[in-house]
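# Residue-level structural notes
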Amino acid sequence: MDSRVVFAALETMCEEYISALSGPSDLPYGNVANRLVTCMKQIQEHSRALGPVIASFTAIYHHYDFDAQTPGNGYRTLVKVVHSCLLHIIQKGRYVASNYNGAFFRAEHNASEMEAYCSALCQLRALLYLAQQLINDNDYGQLYSLHDKELSRKFVQEYSSMHKACFYGRCLGFQFLPTLRPFLQTVVISMVSYGETYGRQQSGLGLAALSLLTSGKYVMDPELRGAEFERITQNLDLQFWKAFWNLTESGLITGFNRIASNPVLVNLTLTLPPVPLRLPLALDPSLSVTVSPPLAHWGPGPVHMRLISCELREGQDTEELLAFSRTDPPPISASNLPWVQKQPRSPWLLIHFHGGGFVAQTSRSHENYLRSWSKELNVPVLSVDYSLSPEAPFPRALEECFYAYCWALKNSHLLGSTAERICLAGDSAGGNLCITVSMRAISSGIRVPNGIMVAYPATLLTTDASPSRLLTLIDPLLPLGVLAKCLNAYAGEDSQTVQPAVGGSSLSTLGRGTAMLLSDLTQGASNWIHSYLDTMRTTGASSSASTEQRRSTSNITSPPNSGDHIGYPEGFEPLRSECLAFVHPTSCRIIRNPFVSPLLAPSNLLKGLPPVHIVASALDALLDDSVMFAKKLRDMDQPVSLTIVEDLPHGFLSLSQLSKDTEVAAEICLRKLREVFEGQANPTTVLRKQAKDLTKH
């Protein structure tokens, strides 16, 4: 997209718009016309200032790509987001100009829409100025400010004070595909409704029902929704996020997912007892090494897993495997069904680590695409339900995932596989664990997997500034305040480790009686009716005044260049929020441990990794994690591929059933998995060859 064409179209539209609405005083909607003219003049000012800035980025951002065939980095994304905002403004401006004198023109609505996008453009202008400082302060080609702690501190400080509500109200999800915006609106409305009722003594299902019934006002009032979402994302504690994200674990939601997903014959939950394992060394199988069970924080403990297989294979119905089953009573074996034919063991095995910010979810939330992988690849899938932070901070999750990997190597025959080829796969936090488990395998001298497929992985668990991390100011799924809480929880900052109850569930609060649920629904309906009546009692004039008051109070500006804020060009200051965020920057030493942040790992810990296939999204705040990690591996001559999909949010794997575009992105991940399984080189064989070559010299 040519920036000059976009800016020229906007300039023309602004001039025509201002001229038309500044005409005779007898124009309809006099006050609204004044608001629209004022807004358009501000948009014109922002546009004229942004033109040269965008031009400077487009001249150099290709230097930060992984390679010429894979254009993508945070600087490109910021330019793309600004283009999206400008195109929305042009479209809205043309609509207003064409329909202003129409009988059904909604003057207040359209003026509020234009003002919201004007606020968004102002904040995006501030982000581009921050990105300019990153370019000036970072080394050539580097996306992260790893050594400039002051700049990263100021980035966090800017996030804490900048106005963000406009991105969660009328402008919600403007940068994403139109097919995803209804989903994002549903998530945001659900979150603010859940936040309003969070903390009440009600069942999980009842709380969700109450939230549903109180959501009406957030549907009708985008400004209220944006302000409330800003408050929630900035200042509610981590337990709220765990509770909200774990709603995807409820029986109702997972039941729907299973209906819509591919059917499988094997879906077993397993628990491994904490016993030491002995595995052969990769370089000399006549020697072995002992792998201890997970020990961190509270000593030896079990490891939970889920086995998914579209076919029943040899070993999967044995008493030896069923002895590990968590289901009580034990599941009925599919081999007892007369129409089921047992298949031989697969030569492949897929081991999966789920995402969820290290703090939420289990394999249950990710079953929809795991079932698809098992069917499309005809492979058994073993997904690890590792312990979650903050109750189980680093290195507990890594220890459990590594132990599960070692157990699978030793007991692949029980999983329906000969394990001739093994692939690790994971998304987000799970992608981090795929990489670090492989690093542990290299350090321990045991067999490494044949390949790794990671989607939007977190490879740098810090709040260090990067251009894509600036997107946390506008991203409804990954705000910086939430991201920092997850990272600090995994690092163990200010946390108290708690050993989880054996066989416990993150959804134990969902078990309530019907009478209590009816009570929750009644209370929720009553609250919703009262809130609706209160709104209806307010006159149109007072409602308009209330909207105007929200607009004026949310767009508060601080004195130019006050305090420690980033120095912006003279005459410009971003909008400030009344609701300041309390973001705790990642300062713990553990966060820079290479097994926490593999982007910081030395070469000796990464040398020997199997082929790594990274699938990232151009609009993901963690995009630069993927680009920089891929560059690091490439510069070490490690096999790596990077694929960047457009216009999708973080977590697109779990959204594969929402649109054709998310389905295509999920198919790319599937294709990368197939490449690992159908590849020729075995990492262990290559490792032995390298060792022989070294001994010759």
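Here is a short report on the structure shown in this document. Along each chain, residues carry numbers from 1 onward, in the same order as the chain's sequence is written. Owing to the predicted nature of the model, reporting of local features is limited to residues with pLDDT of at least 70; listing and counting of side-chain atom pairs is limited to 80 or more, with chain, interface and lining totals taken over all residues. Hydrogens and water molecules were not included; the side-chain quantities draw on all heavy atoms of the structure.

## Examining the overall build of the chain
- Runs of H or I in DSSP of at least four residues are treated as helices and runs of E of at least two as strands, each being numbered from the N terminus. Check the secondary structure of the chain and you find 22 helices and 10 strands.
- Relative accessibility decides the category of a residue: with a 1.4 Å probe and only protein chains considered, values under 20% of the type maximum give buried, values over 50% give exposed, and everything between is partly exposed. Out of the 697 residues in the chain, the part that is buried amounts to 57%.
- Computed with a 1.4 Å probe, the accessible areas rest on the Shrake-Rupley method; for each residue, only the protein chains presented here act as cover. Total accessible area on the chain stands at roughly 28,200 Å², and carbon and sulfur atoms take up 56% of it.

## With respect to the packing of aromatic side chains
- Whether two aromatic rings pair depends on their centres lying within 6.5 Å, for rings of Phe, Tyr and Trp, where Trp uses its six-membered ring; planes under 30 degrees apart make the pair stacked, over 60 edge-to-face, and the rest tilted. Scanning the entire structure with this criterion turns up 19 aromatic pairs.
- Aromatic pair Phe394 and Tyr490: ring centres 5.8 Å apart, planes at 70 degrees, arrangement edge-to-face. Here Tyr490 lies in helix H16 (residues 480-491) and Phe394 lies in the loop between strand E6 (381-385) and helix H14 (396-410), a separation of 96 residues in the sequence. Neither Phe394 nor Tyr490 differs from the other in exposure class; each is buried.

## Looking at the environment of Asn110
- Inspection of the secondary structure assignment puts Asn110 in helix H4 (residues 107-137).
- Counting along the chain gives 18 residues from Asn110 to Lys92, while the straight-line C-alpha distance between them is 8.1 Å.
- Residue contacts are counted whenever heavy atoms from the two residues lie within 4.5 Å of one another. Filtering out sequence-adjacent residues up to four positions away, Asn110 remains in contact with Leu36, Lys92, Tyr95, Val96 and Phe105.

## Some remarks on the side chain of Lys672
- Tracing the backbone through its elements, the reader meets Lys672 in helix H21 (residues 660-678).
- Contacts of Lys672, omitting those with residues within four sequence positions, involve Met453, His613, Val615, Ser641 and Thr643.

## A closer look at the environment of Leu312
- In this structure, Leu312 sits in the loop between strand E4 (303-309) and helix H12 (319-322).
- On the basis of relative accessible area, Leu312 is assigned to the buried category, the value being 2%.
- In this structure, the C-alpha to C-alpha distance between Leu312 and Gln341, residues 29 residues apart in sequence, is 7.3 Å.

## Things to note about the sheet that holds strand E5 (residues 346-353)
- Strands were regarded as paired on the criterion that DSSP finds at least two bridges between them. The 8 strands lie next to each other as E1-E4-E6-E5-E7-E8-E9-E10, forming an open sheet whose pairing is mixed. The two strands at the open ends of the sheet, each matched to only one other strand, are strand E1 (266-272) and strand E10 (640-645). The average undirected angle you get between the axes of adjacent strands in this sheet is 20 degrees.
- The pairing of E5 with E6 spans 4 bridges and is classified as parallel. Paired with Ile351 across the strands is Leu382, a residue of E6. Orientation is described by axes fitted as lines to C-alpha atoms, over the contacting stretch for helices, and by angles from 0 to 180 degrees between their N-to-C directions.

## A word on the pairing of E4
- The buried fraction of E4 amounts to 7 of the 7 residues, a majority that puts the element mostly inside the structure.
- Here E4 shows a buried face lined by Val303, Met305, Leu307 and Ser309 and a second buried face lined by His304, Arg306 and Ile308.
- When E1 meets E4, the two strands line up antiparallel, connected through 7 bridges. Along E4, the bridge assignment pairs Leu272 with Val303.
- Two elements, E4 and E6, share 5 bridges in a ladder whose sense is antiparallel. Directly across from Arg306, in E6, lies its bridge partner Ser383.

## Some points on helix H10 (residues 238-245)
- When you tally the buried positions in H10, you get 6 out of 8 residues, the bulk of the element.
- Looking at H10, one finds that the buried residues are Leu238, Phe240, Trp241, Lys242, Phe244 and Trp245.
- Residues of H10 that are buried in the fold lie against helix H6 (181-197), helix H9 (222-235) and H16.
- Under this definition, polar contacts are N or O atom pairs within 3.5 Å; protein pairs additionally need one hydrogen-donor-capable and one acceptor-capable atom, and for neighbouring residues in sequence, both atoms have to be side-chain atoms. The N-terminus of H10 is capped by Asp237, whose side-chain oxygen sits 3.2 Å from the backbone nitrogen of Gln239.

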